[in-house]
Amino acid sequence: MALDAETQGFLDLKDAEIGPWTAARAAERELTLPPAILPGVIDNVALLRAQSALFVAALAEHAGEIPERFEP
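No experiment lies behind these values; they were computed from the predicted model shown. (Residues numbered from 1 in each chain as written. Predicted model: local features only at pLDDT ≥ 70, side-chain atom pairs only at ≥ 80, totals over all residues. Heavy atoms only, no water.)

Asker: Explain the packing of helix α2 (residues 15–28) against helix α3 (residues 38–61) here, please?
Answerer: Two quantities define a packed helix pair, namely the angle between the axes and the distance from one axis to the other. The N-to-C vectors of α2 and α3 enclose an angle of 120 degrees; their axes lie 9 Å apart at closest approach. Considering the angle they form, α2 stands oblique to α3. Read as a crossing pair, α2 and α3 show a hand that is right-handed. From α2, D15, I18, G19, W21 and T22 reach across to α3, where they touch V41, I42, V45, A46 and R49. Of the residues that constitute the contact of α2 with α3, the class distribution is 6 nonpolar, 2 polar and 2 charged. (Axes fitted to C-alpha atoms, helices over the stretch in contact; angles between N-to-C directions. Helix = DSSP H or I, 4+ residues; strand = E, 2+ residues; numbered from the N terminus. Parallel < 35°, antiparallel > 145°, perpendicular 65-115°, else oblique. Left-handed = near helix turned anticlockwise from the far one by under 90°. Contact = heavy atoms within 4.5 Å. Nonpolar A, V, L, I, M, F, W, Y, C, P; charged D, E, K, R; others polar.)

Asker: Would you mind showing me how to read the pattern of salt bridges here?
Answerer: Note on pairing: side chains with opposite charge can pair once their charged atoms come close. A full pass over the atoms with the stated rule returns 3 salt bridges. With a closest N to O distance of 2.5 Å, R25 and E6 form a salt bridge. Taken as a pair, R25 in helix α2 and E6 in helix α1 (residues 5–11) lie far apart in primary sequence, 19 residues in all. A salt bridge links R49 to D15, with the shortest nitrogen-to-oxygen separation between them at 2.5 Å. With R49 in helix α3 and D15 in helix α2, this residue pair connects regions lying 34 residues apart in the sequence. Overall, the relative accessible area of 61% leaves D15 in the exposed class. (Salt bridge = Lys/Arg side-chain N within 4 Å of Asp/Glu carboxyl O. Buried < 20%, exposed > 50% of the residue type's maximum accessible area, 1.4 Å probe, protein only.)

Structure follows, in structure tokens:
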């Protein structure tokens, strides 16, 4: 599965890089993250990265398979 460079860069971030990356992205978008909430935002971005990596890996693992019909 080919991902765009920005998505791949996000997925390749190391844990120690998430904080600086988050702050830089906010600054690029002219967002001011108050110091009191910054740790929570960084935690959420770390969780999003982990979930995205899991999702991308699952998609690659099942590429070409016919999806199962959802039955509640």
